[in-house]
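Structural characterization, general
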Amino acid sequence: MRISRLAPWAAGLAAASLVLLPASASAGQQNEAAPTAASASVAVDTYYAAAEGKTGAALKTALHNIIKTQSKVTYDGVWSALKVTDQDPANSNNVILVYSGRSQSKSTNGGGVNDWNREHVWAKSHGDFGTATGPGTDLHHLRPEDVTVNSTRGNKDFDLGGGPVSEAPGSLTDSDSFEPRNAVKGDVARMLLYMAVRYDGGDGFADLEMNDKVNNGSAPLFGKISVLKQWNLQDPPDAFEQRRNQVIYDTYQHNRNPFIDHPEWVNSIW
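The text that follows walks through the structure, step by step, so that each part is easy to find.

Parameters at a glance
- Residues numbered from 1 in each chain as written.
- Predicted model: local features only at pLDDT ≥ 70, side-chain atom pairs only at ≥ 80, totals over all residues.
- Heavy atoms only, no water.
- Helix = DSSP H or I, 4+ residues; strand = E, 2+ residues; numbered from the N terminus.
- Contact = heavy atoms within 4.5 Å.
- Areas by Shrake-Rupley, 256 points an atom, 1.4 Å probe, with all protein chains shown as cover.
- Phe/Tyr/Trp six-rings, centres within 6.5 Å; stacked < 30°, edge-to-face > 60°.
- Buried < 20%, exposed > 50% of the residue type's maximum accessible area, 1.4 Å probe, protein only.
- Lys NZ or Arg CZ within 6 Å of the ring centre and 35° of its normal.
- Pairing = 2+ DSSP bridges.
- Axes fitted to C-alpha atoms, helices over the stretch in contact; angles between N-to-C directions.
- Parallel < 35°, antiparallel > 145°, perpendicular 65-115°, else oblique.
- Left-handed = near helix turned anticlockwise from the far one by under 90°.
- Nonpolar A, V, L, I, M, F, W, Y, C, P; charged D, E, K, R; others polar.

The subject of this paragraph is the overall build of the chain. Summing up its helical and strand segments, the chain has eleven helices and eleven strands in all. Put simply, of all contacts in the chain between residues at least 6 apart along the chain, 66% involve residues at least 24 apart. By element, 54% of the accessible surface of the chain is carried by carbon and sulfur atoms, the whole surface being about 11000 Å².

Have a look at this one:
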């Protein structure tokens, strides 16, 4: 199960580590070598050591025990965090909206038309956890999105098909499902699967699980797993997603989304 030190995701992770190294730290540590793909890979291998060699339910349990150790962010704190985790690589004053793909000023967060707000990719009504510190504030599934698009998506499950979504080119929706644009299909899948592993009925919250249905309503379930597995393969982790995972680990929650580091684990569990 150990991944080659030359795997593409490791190179992306090393690049993220380089981006995150503060200028003051690099100036004060001139004798230390810069992070490399090999060192990044070793660090991630160590993080997942307890999952080594496992598959299926045993892998899911091992990953839960690893990622449940985390710091928690308040719901107000999510505003500031998203301005860092979802920063536009081409414009540090902006964030990228997850479904819309639009680069928008960080300062336009709020509840007005054309503002961006905090989208719960695992809709908070699925398990009724609201904005409680824990699943309701977990940065691994919270993303910036246009207020109107967020409302259109609502608490729908994810599936294929529907009509175009205004202000979210490439996204589709119908009465019971939402299909994000191609560039973030895998991101959406891996965020939902993280939630299903992280929250298993402990912490006083519902046991979040995947199924192959839509219209899950307030049940702690999300679908459709068959479609999400396809999206995980169709849209593998890119540099933006890898950097985001690293920022959350380094700066905020100190836990990782295992399916960004190891997308092959999706088919091992589901």
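In this section: the packing of aromatic side chains. Applying the stated criterion across every chain, the model contains ten aromatic pairs. When the centroid spacing of 4.9 Å and the interplanar angle of 50 degrees are considered together, the rings of Tyr99 and Phe178 count as tilted. Within this pair, whereas Tyr99 is found in the loop between strand 2 (91–96) and strand 3 (103–105), its partner Phe178 is found in strand 9 (residues 177–179), the two being separated by 79 residues in sequence. Take Tyr99: its relative accessible area is 0%, and that puts it in the buried class. Positioned over the ring face of Trp231 is Lys185, at 5.5 Å from the centre of the ring.

Turning next to the sheet that holds strand 2. Each strand in a sheet pairs with another by means of backbone hydrogen bonds, the pair being arranged parallel or else antiparallel. The strand order across the open sheet formed by three strands is 1-2-3, and the pairing between neighbours is antiparallel. Looking at strand neighbours, the two that pair on one side only are strand 1 (87–88) and strand 3, the edges of this open sheet. Two strands pair when backbone bridges link them, and strand 1 and strand 2 are joined in this way by two bridges, in the antiparallel orientation. Of the residues in strand 2, the one forming a bridge with Asp88 is Asn91.

This brings us to the sheet that holds strand 9. Taken in spatial order, the four strands of this open sheet run 6-9-8-7, and their pairing is mixed. Two strands close off the open sheet at either side, each with one partner strand: strand 6 (157–158) and strand 7 (163–165).

Bringing the packing of helix 5 (residues 75–85) against helix 9 (residues 239–252) into the picture now. Across the interface, helix 5 lies against helix 9 with an axial gap of 9 Å and an inter-helix angle of 135 degrees. What the angle tells us is that helix 5 and helix 9 run oblique. Where helix 5 crosses over helix 9, the two elements pack in a sense that is right-handed. Contact residues: helix 5 offers Ser80, Ala81, Leu82, Val84 and Thr85, while helix 9 offers Phe240, Arg243, Arg244, Val247, Ile248 and Tyr252. Its residues assigned to classes, the contact of helix 5 with helix 9 comprises seven nonpolar, two polar and two charged.

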